[in-house]
Amino acid sequence: LPVGRPLLQLRAKHLAGALGRPGPQPSGGWLARVAAFKKPPAEKGDAEQLPVEHWAGAVLPALLRSYVPSEIFSCGEAAVPLPAGCPGERLTLLLCANASGSEKVPLRALGESPRPRCLRGINLEQMPWSYRAGSLGGLTAPLFAEWLREFNEGMRRQGKSVLLLLVKHEAHPYLQLSNVRMVFVPPATALAQPLDRGIAGDLKAHYRRRLLRWLPAEHSAGQPTLLDVLHMLAQAWGDVSPGLIASCFRAAGFIPDTGAKTASLSPAHGPLGWEQLERGGEPTEADGDEGMAEGEDAAELVAVPPCPSEREVWRSLATLRRYLECQATSPDLFQAFYELEDAVHMVSAG
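Notes on the structure in this doc start here.

Rules used in this analysis
Residues numbered from 1 in each chain as written. Predicted model: local features only at pLDDT ≥ 70, side-chain atom pairs only at ≥ 80, totals over all residues. Heavy atoms only, no water. Salt bridge = Lys/Arg side-chain N within 4 Å of Asp/Glu carboxyl O. Helix = DSSP H or I, 4+ residues; strand = E, 2+ residues; numbered from the N terminus. Buried < 20%, exposed > 50% of the residue type's maximum accessible area, 1.4 Å probe, protein only. Polar contact = N/O pair within 3.5 Å; in protein donor to acceptor, adjacent residues only side chain to side chain. Contact = heavy atoms within 4.5 Å. Phe/Tyr/Trp six-rings, centres within 6.5 Å; stacked < 30°, edge-to-face > 60°. Lys NZ or Arg CZ within 6 Å of the ring centre and 35° of its normal.

## Observations regarding the pattern of salt bridges
Next, step 1: Scanning the entire structure with this criterion turns up 13 salt bridges.
Next, step 2: The closest approach of N and O atoms between Glu103 and Lys160, which form a salt bridge, is 3.2 Å. Residue Glu103 is found in the loop between β2 (90-98) and β3 (107-111), and its partner Lys160 is found in the loop between α4 (141-158) and β5 (162-167); the two are separated by 57 residues along the sequence.
Next, step 3: Residues Arg209 and Asp239 are paired through a salt bridge, measuring 3.3 Å at the closest nitrogen-oxygen approach. Linking Arg209 in helix α5 (residues 199-213) with Asp239 in helix α7 (residues 226-239), this pair joins segments that are 30 residues apart in sequence.
Next, step 4: Owing to a relative accessible area of 23%, Arg209 belongs among the partly exposed residues under this scheme.
Next, step 5: A single network of salt bridges, built from pairs that share partners, joins Arg209, Arg210, Arg213, Asp239 and Asp342.

This is the structure in C-alpha cells:
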C-alpha cells in the first residue's frame, strides 16, 4: 500500500522515542534527505543508462565528425589457443585497425614464455608481428603503454593525427600522446567494440583453417612451433578483409552510416582463387607431357631435373622462410612469401 508523508513522519517520531532519542518533529527536509539516501533499483539503473545514451547519441558523433574513417582506430584483445608442443596454452593478441579497413596494425602477441627458443636468431624487428611475454600470457599496463608509444610513433612518421577508441580497463592506461587521441568507450553492450562485432571471430576462423591445413607428414616438422603459429596468425590477420572491418565499425556505430553495402561476416574464406593469383593476367594453360619431341636428344632429356615431391617443396619453403626471418629488411617481404605459400597449398590441394 502507498505510504503518505504524514504517516512516515509519525512512524519516525515513534521510532526515535523507542530508541531513547526523542527530538523535534521530523520536517519535510528530513524526509527528502531520507528519500534521496537510497534510490529504488529501477531509478538507479535509469540514472546509469542516461550517460551512456548521451555519449552514444551526442559525444561520439561529435568526435567522429573531426576525423575521416582512415583516422579512426579501435583496439582490443583476443585470445587464441596454441597447439600441443608450444609453450603455454594460449596467446593474447592485441588487435588494432582503422574504420576504413585500409590499415591493420601488425599483431602484438603476448605469451607466457619470456624467451621462446624458436625465436632465437631471428630479426624480430623485421617480422610482420611482434611478441612479448605477458603476465600468464595476458596484457599488462606496462606492455600496453609500450605498444601505445610505438603506435603513436608510427602515426607521427606518417604525419597523421588519429582517434583511438578503446574500452576502459586496468591494463589500458591513459597516455597523453602527440599524434593519438585516446577516448575510452563506456562499458555497455550497445557500444560493443568492432572487434567483438566480427573482426576477432573472422581472424580466429582463418587461424583455425590454417592450423588444420598444417600437414605434419608433408612438412616433416611435426607439430607447429610458436614461430609457425605467429606466421599463421599474421597470415590470418591479412585474410580479414577491409570491407568486413568497415562493416564491423559501422555496426558498432564508430563511423557514420553512409548506406554502403556491408560485407558478409562469414567465418572464413576458401582457398585463394586463380583470379587472385593471376594478378590481372590471362590464365596460362598447362602443357601436358606430349612425350619426346621429334629429333629431341635423349641425353638432354636425362639431364632435365625431375619434378620435386611435395615434401621437398615444403622443405624449400621452410628454408626460404628461415632465410627471410634472419635476413629480411622489411616486413613487407613476408607478404609476398605468404602469397607464394598459399599458392603452393592451392596447387597441392587441387
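On we go.
## Topic: the side chain of Ser74
Next, step 1: With respect to the helices and strands, Ser74 occurs in strand β1 (residues 72-81).
Next, step 2: Judged by relative accessible area, Ser74 falls into the buried class, the value being 2%.
Next, step 3: Side-chain polar atoms of Ser74 contact the side chain of Gln193, separated by 2.6 Å.
Next, step 4: In this structure, Ser74 is in contact with Leu95, Cys96, Ala97, Leu164, Leu165, Gln193, Pro194, Phe249 and Phe254, ignoring residues within four places of it in sequence.

## What to know about the packing of aromatic side chains
Given two aromatic rings, their pairing is described by the distance between the two centres and the angle made by the two planes.
Next, step 1: Scanning the entire structure with this criterion turns up seven aromatic pairs.
Next, step 2: Aromatic side chains Phe144 and Trp147 sit 5.7 Å apart centroid to centroid with 20° between the ring planes, which places their arrangement in the stacked category. Residue Phe144 and its partner Trp147 are both found in helix α4; the two are separated by three residues, about one turn of the helix.
Next, step 3: Here Phe144 falls in the buried class, since its relative accessible area comes to 0%.
Next, step 4: Relative accessible area serves as the criterion here: at 3%, Trp147 is assigned to the buried category.
Next, step 5: Every member of this aromatic cluster is reached through a ring pair, and the members are Phe73, Phe144, Trp147 and Phe151.
Next, step 6: The lysine or arginine in question, Lys104, covers the ring of Trp237, its NZ or CZ lying 5.7 Å from the ring centre.
Next, step 7: Between Lys168 and the ring centre of Phe184, over which it is positioned, the NZ or CZ distance is 4.5 Å.

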